[in-house]
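Coordinate inspection notes
Here's the letter readout for the chains.
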Amino acid sequence: MNLYVTGTNCEIDDDVTLGYSAGEDSRQTIVGDDARIRSGTIVYSDVTIGDGFVTGHDALVREDTRIGDNVVVGTNTVIDGTSTIGSNVSLQTRVYVPTHTHIGDDVFVGPGAVLTNDPYPVRQDVEMTGPTLEDGVSVGGNATILPDVTVGENAFVAAGATVTEDVPAETLAVGTPAEHRQLPAKLQGANSI
């Protein structure tokens, strides 16, 4: 079995690894049409990626990940697997996406943002559950979103915020810990990614 299958019109640098084995039961990696995958990127086995996928350098996509169309995964961004990412998503440089995370369509995640999935790191043995970013969410640079938190549709997480509880749709989350405020007029409307 081939380790990976790519669509048409893909530009993949020489030192990219596609289909890196995740174990004995590894399945193919599938990359859609019109991909641009830059040097140093590693995409594990059992990953399905839609059309128009673009990476920066040294991106990592782990196994059991499903990615929609027109997704950007920035330089040094890590998607730790067992996650779903919708279409028209931009994960900027150094974003961390843990296992068991769901990201909807038309989502922007700014540079250095960290999503988490372990409520008690190494202190308790619990099931990992990453956050959910619903459609149209924007997350500012260096924000942190804690495990099992849902950020509602078209909500906006300010740069540097620490989100410890669910954010309602069309709400601004700002501060540490984040407080919820009315979404200002200049931040309302759909993301155009």
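Quick note: structure is the one above.
Residues numbered from 1 in each chain as written. Predicted model: local features only at pLDDT ≥ 70, side-chain atom pairs only at ≥ 80, totals over all residues. Heavy atoms only, no water.

Things to note about the overall build of the protein
Each helix and strand counted, the protein has zero helices and 26 strands in total. Here the C-alpha radius of gyration of the protein, 17 Å, is about what a compact globule of 193 residues would show, namely 16 Å. In terms of principal-axis extent, the alpha carbons of the protein reach across some 50 × 40 × 20 Å. Looking at the protein as a whole, 43% of its 193 residues qualify as buried. The long-range share in the protein, meaning contacts at least 24 apart out of those at least 6 apart in sequence, stands at 24%. Here the protein contributes 9 positive and 28 negative side-chain charges, whose respective centroids are spaced 8 Å apart. (Helix = DSSP H or I, 4+ residues; strand = E, 2+ residues; numbered from the N terminus. Rg over C-alpha atoms; globule rule 2.2 N^0.38 Å. Buried < 20%, exposed > 50% of the residue type's maximum accessible area, 1.4 Å probe, protein only. Contact = heavy atoms within 4.5 Å. Lys, Arg positive; Asp, Glu negative; His and termini not counted. Charge placed at Lys NZ, Arg CZ, Asp CG, Glu CD.)

Section: the pairing of strand β26 (residues 179-182)
Where strand β25 (residues 171-174) meets β26, four bridges bridge the pair, whose relative direction is antiparallel. Each bridged residue has a counterpart across the sheet, and for Leu-172 the counterpart in β26 is Arg-181. Where β25 hands over to β26, the hairpin turn is made up of four residues, of which Gly-175 adopts a positive phi near 100°. (Pairing = 2+ DSSP bridges.)

Things to note about the sheet that holds strand β13 (residues 83-85)
Ordered by their spatial adjacency, eight strands build an open sheet running β1-β4-β7-β10-β13-β16-β19-β22, and the pairing between neighbours is parallel. The strands lining the two open edges of the sheet, one partner per strand, are β1 (4-6) and β22 (150-151). Bridge analysis of β13 against strand β16 (residues 102-103) gives two bridges, and the strand direction is parallel. Considered in β16, the bridge of Ile-85 is made with Ile-103.

A closer look at the pattern of salt bridges
Following the criterion strictly, the structure yields six salt bridges and no others. A salt bridge links Asp-64 to Arg-66, with the nearest nitrogen and oxygen atoms 3.8 Å apart. Taken together, the shared-partner salt bridges connect Arg-27, Asp-46, Asp-64 and Arg-66 into one network. (Salt bridge = Lys/Arg side-chain N within 4 Å of Asp/Glu carboxyl O.)

Structural notes on a negative patch on the surface
Taken together, the side chains of Glu-134, Asp-135, Asp-148, Glu-153, Glu-165, Asp-166 and Glu-170 present a region of like negative charge at the surface. Mapped onto the elements, Asp-166 comes out in the loop between β24 (162-163) and β25. Residue Asp-166 is classed as partly exposed on the basis of its relative accessible area of 44%. (Patch = residues over 30% accessible without salt bridge, like charges linked within 9 Å, V, L, I, M, F, W, Y side chains within 5 Å. Areas by Shrake-Rupley, 256 points an atom, 1.4 Å probe, with all protein chains shown as cover.)

Re the environment of Thr-150
Looking at the element boundaries, Thr-150 is found in strand β22. Once the C-alpha coordinates of Thr-150 and Thr-162 are considered, the two residues, twelve residues apart in sequence, prove to be 13 Å apart.

Quick word on the nonpolar core
Across soluble globular proteins, you tend to see nonpolar side chains buried next to one another. With 39 residues, the main nonpolar core has Phe-53, Leu-91, Ile-103, Leu-133, Val-139 and Val-151 as its most contacted residues. For this core, the secondary structure elements donating two or more residues are β7 (47-49), β11 (71-73) and β14 (89-91). (Core = buried A, V, L, I, M, F, W, Y, C linked by side-chain atoms within 4.5 Å.)

What about the side chain of Thr-162?
Position of Thr-162 among the secondary structure elements: in strand β24. A polar contact of 3.3 Å, which involves the side chain of Thr-162, links it to the side chain of Thr-176. (Polar contact = N/O pair within 3.5 Å; in protein donor to acceptor, adjacent residues only side chain to side chain.)

Here we look at unusual backbone geometry
Put simply, Thr-176 and Pro-177 share a cis peptide bond, and its omega is -10°. You can see Pro-177 is positioned in the loop between β25 and β26. With phi around 60°, Asp-34 is a residue other than glycine that occupies positive phi space. Mapped onto the elements of the fold, Asp-34 is located in the loop between β4 (29-31) and β5 (36-37).

These results come straight from atomic positions and should not be treated as a statement about function.
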